[in-house]
Amino acid sequence: MSPFPDFVRPLVVSGPSGVGKGTLIKRLFAEFPEKFGFSVSHTTRAPRTGEINGKEYHFVSTPNFRSLLQEGGFIEHAEFSGNLYGTSKQAVRDVTQTGRRCILDIEAQGIRQVKTTDLNPVYLFISPPSMTILRERLRGRGTDTDAEIQKRLAMSLKEIEYAKEAGVHDTVIINDDLDKAYQVFKKVALGEEQVVGDTLPALDD
Ligand SMILES: Nc1ncnc2c1ncn2[C@@H]1O[C@H](COP(=O)(O)OP(=O)(O)OP(=O)(O)O)[C@@H](O)[C@H]1O
């Protein structure tokens with residue numbers, strides 16, 4: 001058991017698409033496979049080749065998703081390009097019951113919903129050093145078309161605006177140098193006290 005009380009609270013990681021959330025989380029799981037767990041989301045989208053039900057997602061039908069939603073089973077949910085996605089309370093419980101700290105990767109709209117629940121997580125925002133660098137990372141990843149990148153960047157601006165509001169996040173990490181960002185991320189994830197986060201940059205370039 002960790003000596004740090006924050007370790008038992010779920011950790012909600014958010015930040016613009018392409019900022020490096022997945023990269024940091026993957027590295028954390030690789031270094032501490034026994035300490036952390038990722039909550040498996042529900043989705044109504046069809047599984048892609050190789051995706052396993054219960055691993056990448058819980059693949060459910062729209063009626064099943066809606067009935068779980070009605071029962072109040074979701075911490076947050078959203079619709080993206082015609083499909084429903086959500087984080088269930090059970091998915092978080094499944095992780096915490098194994099004694100691991102639950103890490104959730106949640107976008108800005110979801111954060112607002114989480115704040116209405118009794119989850120009581122630590123909120124961590126990952127910021128890019130600049131919008132120019134964020135654009136370069138999205139291009140460099142090679143997974144999105146130019147139009148998709150534009151859409152993601154427009155959403156990022158909204159996400160950053162929300163992140164600037166007082167009290168939304170407990171800690172901010174600027175993912176500039178990956179190794180340096182990871183060292184701070186690790187401390188936050190391990191629940192170590194007195195982590196002094198970064199100040200959100202202006203990001204108006
Ligand atoms: N500090 C860094 N310096 C340079 N490149 C980075 C850094 N962190 C991440 N990257 C690269 O940026 C790209 C985007 O990272 P990643 O996919 O982890 O972002 P994400 O925030 O998880 O995005 P999404 O929300 O869309 O899943 C990847 O190609 C990754 O290798």
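Reading guide: rules and limits
- Residues numbered from 1 in each chain as written.
- Predicted model: local features only at pLDDT ≥ 70, side-chain atom pairs only at ≥ 80, totals over all residues.
- Heavy atoms only, no water.
- UniProt positions renumbered as here; feature names shortened; annotations may be inferred.
- Helix = DSSP H or I, 4+ residues; strand = E, 2+ residues; numbered from the N terminus.
- Buried < 20%, exposed > 50% of the residue type's maximum accessible area, 1.4 Å probe, protein only.
- Polar contact = N/O pair within 3.5 Å; in protein donor to acceptor, adjacent residues only side chain to side chain.
- Contact = heavy atoms within 4.5 Å.
- Phe/Tyr/Trp six-rings, centres within 6.5 Å; stacked < 30°, edge-to-face > 60°.
- Lys NZ or Arg CZ within 6 Å of the ring centre and 35° of its normal.
- Near = heavy atom within 4 Å.
- Areas by Shrake-Rupley, 256 points an atom, 1.4 Å probe, with all protein chains shown as cover.
- Nonpolar A, V, L, I, M, F, W, Y, C, P; charged D, E, K, R; others polar.
- Arc of directions from axis to C-beta.

With an unreviewed UniProt entry as reference, the protein is termed Guanylate kinase, source organism Athelia psychrophila. Of the comments in the UniProt record for the protein, the one headed Sequence similarities (unreviewed entry) reads "Belongs to the guanylate kinase family."

Draft legend 1. Region of the structure containing unusual backbone geometry. With phi around 55 degrees, N120 is a residue other than glycine that occupies positive phi space. On the secondary structure map, N120 appears in the loop between α4 (108-114) and β8 (122-127). Given a relative accessible area of 46%, N120 falls into the partly exposed group.

Draft legend 2. Broad picture of the side chain of T43. Of note, T43 is situated in strand β3 (residues 41-43). Classification of T43 by relative accessible area gives buried; the value is 0%. There is a polar contact of 3.2 Å between the side chain of T43 and the backbone oxygen of L84. Not counting the four nearest positions on each side in its chain, T43 is found in contact with Y57, H58, F59, V60, L84 and Y85.

Draft legend 3. Expanded view of the packing of aromatic side chains. Evaluation of the coordinates by the stated rule reveals six aromatic pairs. Summarising the aromatic geometry, the rings of F29 and F38 are spaced 6.1 Å apart at their centres and angled 75 degrees between planes, so their arrangement reads as edge-to-face. Of the aromatic side chains, those joined through ring pairs into one cluster are Y57, F59, F80 and Y85. Over the face of the ring belonging to Y162 we find R112, whose NZ or CZ atom lies 3.9 Å from the ring centre. Sitting above the plane of the Y123 ring, K115 keeps its charged end 3.7 Å from the centroid.

Draft legend 4. Looking closely at the site of the ligand. Taken together, 14 residues lie near the ligand, and S17, K21, G22, T23 and N175 sit nearest. At 3.0 Å from an oxygen atom of the ligand is found a main-chain nitrogen or oxygen belonging to G20. N175 places a side-chain nitrogen or oxygen 2.7 Å from a nitrogen atom of the ligand. Its free accessible area being 640 Å², the ligand has 70% of it covered by the protein chains. Those elements that place two or more of their residues in the shell around the ligand are α1 (21-31) and α5 (131-141). If one sorts the elements of the shell around the ligand by residue count, α1 sits on top with three residues. Taken together, the residues that form the shell around the ligand break down as three nonpolar, six polar and five charged.

Draft legend 5. Quick look at α5. Listed as buried for α5 are M131, L134 and L138. Considered in projection along α5, the buried side chains sweep an arc of 55 degrees and stay on one side of the axis. α5 presents R139 and G140 as exposed residues on the side facing more than 90 degrees away from its buried surface. Looking at the buried residues of α5, the elements they touch are α6 (146-164). Positive backbone phi, at 70 degrees, marks G142, one or two positions downstream of α5.

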